[in-house]
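Here are the chains, one letter per residue:
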Amino acid sequence: MDWLNKNWELVIGLSGVHIGLSILPVVVGLAVALPLGWVAFRYKKIGRFLVPASGLLYTIPSLPLFIALPIILGTSILDPTNLIVGLTIYAVALLVRQIVDALGSVNHAVRQASVAMGYSPWQRFWQVDLPLAGPVLLSGLRVVSVSTVSLVSIGSVIGVTSLGYLFLNGFKRGIPEEVLVGVIATVIIAFIFDGVLVLLGRLLMPWARKAQS
Amino acid sequence: MIEFRSVSKRYESDALAVNNISLTIAPRAVTVLVGPSGCGKTTLLRMINRMVEPTSGQVLIDDVDVATRNPVQLRRSIGYVMQNSGLMPHRTVLDNVTTVPVLQGVSRKVAQAHGLELLATVGLDAALAKRYPAQLSGGQQQRVGVARGLAADPNILLMDEPFGAVDPIVRRELQGELSRIQSVLAKTIVFVTHDIDEAFLLGDQVVILREGGHVAQQGTPAELLANPVDDFVADFIGRGDESKHLSITERDGTRLVVDARGRVAGILAAEDGHGLAQ
């Protein structure tokens, strides 16, 4: 506990940075994947191409991607934007298929009923399809948030500081405790993200639990 | 008044679901579309609120072609009740009932006050208002479905096998409830079912459809039973069915109505109306 006692301020600071770097890819990834997923769901012909194509994005190895992005984006090599854009791409890769599945999980009779009631297509998406796709969408979002929190660590290799710094530094200087603290802090953040998402789901979708009881 | 003028519908490359049907539906009465599955009855119903567009022909409401109306506005002006209620699982009972008025821009408060009255109209306790549909029985869900269909006070109410998925006792209750509500509200109701007994029970007018999307015969239940135009209709309404051939017999001083096989179908009401029949 020696190392942690002396460096807890550093750990807290890095945790804050880590959280900040993790939130944006999840939020932006969702915002980008949502219209893509809707298009893929609504127009099956496009979907047949779009869903596998977005899935392929996930197979891009992360380190080459982070090195290639500054060239593509014209950003400096140490710019955190590279990391955020890269992780957003992975989030989109995971979420497009999940959104298609989530929209597909909406009961057909309910969708028919919403047409018959006189929801406009726009209202139907926001007030019927999206909320009802919520539970399946949430389970996908939980996977993405956890994977993003862990991937942010890799940013340290390309010079974007996060809790990953503790692994690298601890490794280099032979301080196992520092590495361990980095790992544990990352896991704790992943749990917190997951907990927040579950809580949000309960607040936004009270019906999903009551329906089961 | 709803009018079908030479309406046909063909789903992608399939056979005709509706074949050149012309039909007039009387206002402020219950018209039942009845027939075996695949006769096009639901397709016909959904043409009224443009959930299905006819391949050819016109559907008119009060002499206005529905094809000229904005489909979203049109649907909000017509009540719709479907099988398995089609309630929004993520909305409370009261929010479900007030769906259409709120879509039309009525304030939530006003819509909810009216919604609570409607729950009473369909025989539901106000305590259920805050529940979610999944917390209700099938029969209660159908009642909510009816309340939702009535919420915007539409002139026309479309009902697509609304009582098809509930058990027989609840179905009879709901049918009775609908008759009672209709006697007060006098809507133009178009009701789809495959159950001829339900059709005769509820219909002022009954339209019998046959496979391939043809009208086999239209009339009041009495007209259809008295003069079926062909074997299909006679068969479909169960005219050859022994249980429908009734005669009167007297046992132990009580006049009973029995069917062709001698099974008791009921008790003959005394002519002064104060007999044993209840």
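Keep in mind that this is a model prediction, so the values were computed, not measured.

1. Considering helix 2 (residues 44-57) of chain A
All names here are of chain A. Over its 14 residues, helix 2 runs 20 Å from end to end, which matches the ideal 20 Å to within 8%, given 1.5 Å per residue. What helix 2 keeps buried is the set G47, L50, V51 and S54. Residues of helix 2 that are buried make contact with helix 1 (2-42) and helix 4 (80-104).

2. A few points about the domain arrangement of chain B
Residues and elements named next belong to chain B. Partitioning chain B into domains gives domain 1 (2-241) and domain 2 (242-278). The C-alpha-based centres of domain 1 and domain 2 are spaced at 34 Å. Listed by partner, the interface residues are 6 residues for domain 1 and 4 residues for domain 2. Together, D197, R239 and D241 form the three largest contributors to the area buried by domain 1 at its contact with domain 2, with a combined 69%. Here domain 1 and domain 2 share 0 salt bridges between them. Where domain 1 meets domain 2, there are 0 residue pairs in polar contact (both at pLDDT 80 or more). Split into classes, the residues belonging to the side of domain 1 that touches domain 2 amount to 1 nonpolar, 2 polar and 3 charged.

3. With respect to the confidence of the model for chain A
Predicted confidence across chain A gives a mean pLDDT of 92, with 99% of residues reaching 70 or more. Here helix 9 (residues 206-210) of chain A stands out as the least confident element of chain A, with mean pLDDT 84; helix 6 (residues 121-152) of chain A is the most confident, with 95.

4. What to know about the packing of helix 6 of chain A against helix 8 (residues 176-204) of chain A
Residues and elements named next belong to chain A. With their axes 9 Å apart at the nearest point, helix 6 and helix 8 run at an angle of 160 degrees to one another. In terms of axis orientation, helix 6 runs roughly antiparallel to helix 8. The crossing of helix 6 and helix 8 is right-handed. Here L138, L141, R142, S145, V146, V149 and S150 of helix 6 lie close against helix 8, whose contacting residues are T186, I189, A190, F193, D194, L197, V198 and G201. Tallied by class, the residues present in the contact of helix 6 with helix 8 amount to 9 nonpolar, 4 polar and 2 charged.

5. Some thoughts on the packing of aromatic side chains
All names here are of chain A. Inspection of the entire model under this criterion finds 7 aromatic pairs over all chains. Judged by centre distance (6.5 Å) and plane angle (85 degrees), the ring pair of W38 and F125 falls under edge-to-face. Note that W38 is positioned in helix 1 and F125 in helix 6, a separation of 87 residues in sequence. Classification of F125 as buried rests on a relative accessible area of 10%. Over the ring of Y43 we find R42; its NZ or CZ atom is 4.9 Å from the centre of that ring.

6. Description of the environment of B:V206
Positionally, B:V206 belongs in strand 9 (residues 205-210). Setting aside residues no more than four positions away along its own chain, B:V206 makes contact with B:V32, B:V34, B:A199, B:F200, B:Q217, B:Q218, B:G219, B:P221 and B:L224.

7. Thoughts on the sheet that holds strand 1 (residues 2-10) of chain B
All names here are of chain B. A sheet is described by the order of its strands in space; here 4 strands give the open sequence 2-1-4-5, paired in antiparallel fashion. For this open sheet the edge positions go to strand 2 (16-25) and strand 5 (64-65), each flanked by a neighbour on one side alone. Here strand 1 pairs with strand 2 via 6 bridges, running antiparallel. Bridge pairing links E3 to T24 in strand 2. Helix-sheet contacts for helix 1 (residues 41-48) involve strand 1, strand 2 and strand 4 (56-61), and the interaxial angle to strand 1 is about 125 degrees.

Conventions adopted
Residues numbered from 1 in each chain as written. Chains lettered and ligands numbered in written order. Predicted model: local features only at pLDDT ≥ 70, side-chain atom pairs only at ≥ 80, totals over all residues. Heavy atoms only, no water. Helix = DSSP H or I, 4+ residues; strand = E, 2+ residues; numbered from the N terminus. Expected span 1.5 Å × (residues − 1). Buried < 20%, exposed > 50% of the residue type's maximum accessible area, 1.4 Å probe, protein only. Contact = heavy atoms within 4.5 Å. Domains from an automatic or database assignment. Buried area = accessible area lost by both parts, 1.4 Å probe. Salt bridge = Lys/Arg side-chain N within 4 Å of Asp/Glu carboxyl O. Polar contact = N/O pair within 3.5 Å; in protein donor to acceptor, adjacent residues only side chain to side chain. Nonpolar A, V, L, I, M, F, W, Y, C, P; charged D, E, K, R; others polar. pLDDT = per-residue confidence, 0-100. Axes fitted to C-alpha atoms, helices over the stretch in contact; angles between N-to-C directions. Parallel < 35°, antiparallel > 145°, perpendicular 65-115°, else oblique. Left-handed = near helix turned anticlockwise from the far one by under 90°. Phe/Tyr/Trp six-rings, centres within 6.5 Å; stacked < 30°, edge-to-face > 60°. Lys NZ or Arg CZ within 6 Å of the ring centre and 35° of its normal. Pairing = 2+ DSSP bridges.

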